[in-house]
Amino acid sequence: MKGTGSKNTWALFLMVLTGIVLGGFIGMLAEGVPALSWLSYGQTFGLSSPIVLDLGILVLTFALNIRITVAGIIGVLISIIIYRFL
């Protein structure tokens, strides 16, 4: 059953992506609340300035910035737990 395994992999990927987005959103909301500010603690890494490739007619700009927070990690863990039970 080749299709079943790939379907489960995509479902897990979508669940983890949802956990990252919701965790990041909750971390942003908790930033201003003193009792919950620890949820927004984290590290940002990536390109500090975008890379620009000017081809004359076409200009391409590449940038990547990733922020990992405590809330994002908790969101990923919850999404994996939910995936296991579904």
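Conventions and cut-offs
Residues numbered from 1 in each chain as written. Predicted model: local features only at pLDDT ≥ 70, side-chain atom pairs only at ≥ 80, totals over all residues. Heavy atoms only, no water. Helix = DSSP H or I, 4+ residues; strand = E, 2+ residues; numbered from the N terminus. Rg over C-alpha atoms; globule rule 2.2 N^0.38 Å. Buried < 20%, exposed > 50% of the residue type's maximum accessible area, 1.4 Å probe, protein only. Contact = heavy atoms within 4.5 Å. Salt bridge = Lys/Arg side-chain N within 4 Å of Asp/Glu carboxyl O.

### A closer look at the overall build of the chain
Counting its secondary structure elements, the chain contains two helices and four strands. Counted from the first residue to the last, the chain has its helices and strands arranged as α-β-β-β-β-α. Taken over the C-alpha trace, the chain has a radius of gyration of 18 Å; the compact-globule value for 86 residues is 12 Å, which it surpasses by more than 25%. For the chain, the residues scored as buried account for 13% of the 86 residues in total. By sequence separation, contacts in the chain at least 24 residues apart represent 52% of the contacts at least 6 residues apart.

### Topic: the pattern of salt bridges
The tally for this structure, following the rule as stated, stands at one salt bridge. Between Arg67 and Glu31 there is a salt bridge whose closest N-O contact spans 4.0 Å. With Arg67 in strand β4 (residues 65–69) and Glu31 in the loop between α1 (2–30) and β1 (42–46), this residue pair connects regions lying 36 residues apart in the sequence. Accessibility expressed as a relative area gives 45% for Arg67, which makes it partly exposed. On the accessibility criterion, Glu31 (45% relative accessible area) is partly exposed.

### Observations concerning the side chain of Ser40
Among the structural elements, Ser40 can be located in the loop between α1 and β1. Once you skip the residues sitting within four places of it in the chain, Ser40 turns out to touch Gly27, Glu31, Arg67 and Thr69.

### Remarks on the environment of Phe25
Take Phe25: it is sitting in helix α1. Relative accessible area serves as the criterion here: at 44%, Phe25 is assigned to the partly exposed category. Sequence spacing of Phe25 and Ser40 is 15 residues, and the spatial spacing of their C-alpha atoms is 9.5 Å.

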